[in-house]
Amino acid sequence: MLLSRPPYAPVEFEHLNLLDSAYYAFADPHALWATLREERPVHLCDPGDGREPFWVVTRYEDVTRVLKDHRIFSSRRGTMLCIVDLSMPDIASDDMMPDSDPPRHRRLREPLNRALTPRAIAEHESRVRDIVRSLLRPALDGEPLDMAQAALMFPMAFTGSIMGLPEENWRRMSELTTMTIAYDDPDYSIGSPQATVRQAHHELFAYFRDEVSRRSPSDPGTDLIGILRSMDLDEGPLSERQLMLNCYALLLGANVTTPHVVCTMIEMMGRHPEQFRKVRENPSLRPGCLQEVLRWSSPASHFMRYTTQEVTLRGQRISADQPVSVWLGSANRDERVFDDPFRFDVTRRPNRHVAFGVGPHYCIGAGLANLALRLFLDELLEMFDGVEQVGEVRHLASNFVAGVKNMNVRFTPRKDTDAVPTMEER
Ligand code: HEM
C-alpha cells in the first residue's frame, strides 16, 4: 500500500470497493480515506460483486467510539472483512479472543495478558536484540538488502519463541499467515482466494494441533501455548479447537503487522535523515520516533464489528446486525486530531495513534511489539549512518494489511560498526 501520495483524489462512491486487494497494491488508499473523511465519514460500501454491503468509518472520533463500545459494536461475528461472507455466522465466535466480547473476552485474555506485561517481556530483551543484529548484519557490507523479505522473519523470531513454536517451522508459518491476508497477491496465492486461505488454515492448524498435543496437561509449560493449555473457561479447560484458534490469533496478530513497521522505519530514515540523526544524538526522542513510525505505518488497515442494535453514527442510522468496518490507517491521518497529519514528525506531541487499536481488544502484543521495534530502532541507529532505497518498492495486495513485499535498500554503515558481534559470536 502506498503511504505517501498527496492526500486527495476524486472518488466515485457508487463504484467504491474497499475489499479489492489489488487496489491496495497499486493505488493510494490515503487519498481515498481523506476524501471519505471529508465527504462521507460513515459510508455504506456495496462491493457490487454479490457480497454483503458494509459500513466504512474513517474519522478518528468515530473509529474510537466503535472500538470502545462492545455493547453496540460487537466482535462476536468476526473482526476482519478479508474474504469473509458477511452474511454467515463466525465459526470462531466466543472461542477465539478477538471474536468475543466481555466478560468472556476477559476470561480468554487475562492469563495471556499476565505473560505479556512489561516485566515479563523485558526478560526477552537481550535475545530480541541479538535477533535484530543478525537481521541487519548482512547489510553491513554495503550491498542492497531486501528489507521487506528480511523483516518477515522478525516477528516469528520473538513471537515464535514466546509461544514455544519449533524454529524449523517458522519460515513456513510466516508464509502461511501472510497467505491468509494476501490471498489475492500473486506471490502468495495458490489458486482462488478461498483455496489459498483454506490451505493456510489447514497447515497452520495442523502445526498448532501438534504443538498442543505435545504438552502434557499436568505440566503444559510456561510459554503462551502452555498458558492457553492451563486456562479455564466457564465450561472447563479450552478444547483443542479453542486452543488452535487462539494460537492462530496470536501468531497472525504478530506476523502480519510487525514487518511492515520495520519497513516504514527504514523508509522514513531514508526520507528524513536529519530527523533520524537527531534521534540518534538524543535518545529521549526514540519513544516518540517509534510512535510516529507506528502512526505512519498503521499496518492493520481496518477492523470490523457488528451492531447489536440500531445506532446513529455521525448522523447515519445504522440498523442492528450490520457490519461496521473502522479504518485505522485513516484515523491516524485525521486532520481533526493530528496537526498536519501527512507530515512525519518524530517530535509529534501528543500522538494518540490507534495503530494498536483502542478499547477492550487493544493489541495484546503491543508491549512486545514496542519492545522489539524499539530494539530495532536502537540497533539501526547504532549500526548505520543512513539508508537509500534501491529500485521500486512492491506493495502487498491485501485489504487488511498495509504492507510491503519487496523493498531493496542500501545502508551506509557507521565507521565503528565492525565491532558489532553476530548472534552466534555473543
Ligand atoms: C506493530 C505490531 C502490531 C500491530 C500494529 C497490531 C495491531 C493490532 C490491533 C489494531 C488490534 C485490535 C484489534 C481489534 O480491535 O479487533 C490488535 C489485537 C491483537 N493483537 Fe496485535 N498488533 C501488533 C503486534 C502484535 C503481536 C506481536 C501479537 C502477538 C503477541 C499480537 C496479537 C494480537 C492479538 C491476539 C489481538 C487480539 C486482542 C483481543 O482481542 O483482545 N499483535 N493488534
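Here, every reference points to the structure presented above.
Residues numbered from 1 in each chain as written. Predicted model: local features only at pLDDT ≥ 70, side-chain atom pairs only at ≥ 80, totals over all residues. Heavy atoms only, no water.

K.L.:
Help me understand the site of the ligand, please; the structure alone is not making it clear to me.
P.N.:
Close contacts around the ligand come from 27 residues, with H105, R109, R305, H361 and C363 the closest. Side-chain polar atom of H105 to an oxygen atom of the ligand: 2.6 Å apart, as the coordinates give it. At the level of elements, helix 4 (104-115), helix 11 (240-255), helix 12 (258-271), strand 7 (302-307) and helix 16 (366-383) are the ones that each hand at least two residues to the shell around the ligand. It is helix 11 that provides the largest number of residues to the shell around the ligand, a total of 4 residues. When grouped by side-chain class, the residues that make up the shell around the ligand number 18 nonpolar, 7 polar and 2 charged. (Near = heavy atom within 4 Å. Polar contact = N/O pair within 3.5 Å; in protein donor to acceptor, adjacent residues only side chain to side chain. Helix = DSSP H or I, 4+ residues; strand = E, 2+ residues; numbered from the N terminus. Nonpolar A, V, L, I, M, F, W, Y, C, P; charged D, E, K, R; others polar.)

K.L.:
Is there a simple way to explain the sheet that holds strand 11 (residues 384-389) in this structure?
P.N.:
Either a parallel or an antiparallel arrangement is found when strands of a sheet pair, and the pairing is made through backbone hydrogen bonds. With antiparallel pairing, the 3 strands of this open sheet are ordered in space as 4-14-11. Sheet topology places strand 4 (145-146) and strand 11 at the edges, where each strand pairs with a single neighbour. Pairing analysis gives 5 bridges linking strand 11 to strand 14 (residues 408-413), with the strands arranged antiparallel. Bridging across to strand 14, G386 finds its partner in T412. Running over the sheet, helix 16 touches strand 11 and strand 14 and is turned about 100 degrees from strand 11. (Pairing = 2+ DSSP bridges. Contact = heavy atoms within 4.5 Å. Axes fitted to C-alpha atoms, helices over the stretch in contact; angles between N-to-C directions.)

K.L.:
What is the right way to look at the environment of I225 in this model?
P.N.:
By the element assignment, I225 lies in helix 10 (residues 224-230). Residue I225 is classed as buried on the basis of its relative accessible area, which comes to 0%. Distance in space between the C-alpha atoms of I225 and G288 is 33 Å, their sequence separation being 63 residues. Beyond its immediate chain neighbours, meaning those up to four positions away, I225 contacts M163, L165, E211, V212, R215 and C247. (Buried < 20%, exposed > 50% of the residue type's maximum accessible area, 1.4 Å probe, protein only.)

K.L.:
Could you clarify how one ought to interpret the sheet that holds strand 1 (residues 42-45) in this entry?
P.N.:
In spatial order, the strands read 1-2-10-7-3; together these 5 strands make up an open sheet with mixed pairing. Here the strands that pair on one side only, and so sit at the sheet edges, are strand 1 and strand 3 (73-74). Here strand 2 (residues 54-57) pairs with strand 10 (residues 323-327) via 3 bridges, running parallel. Each bridged residue has a counterpart across the sheet, and for V56 the counterpart in strand 10 is S325. Its contacts with the sheet put helix 3 (residues 60-68) on strand 1, strand 2, strand 3, strand 7 and strand 10, and the angle it makes with strand 10 is roughly 125 degrees.

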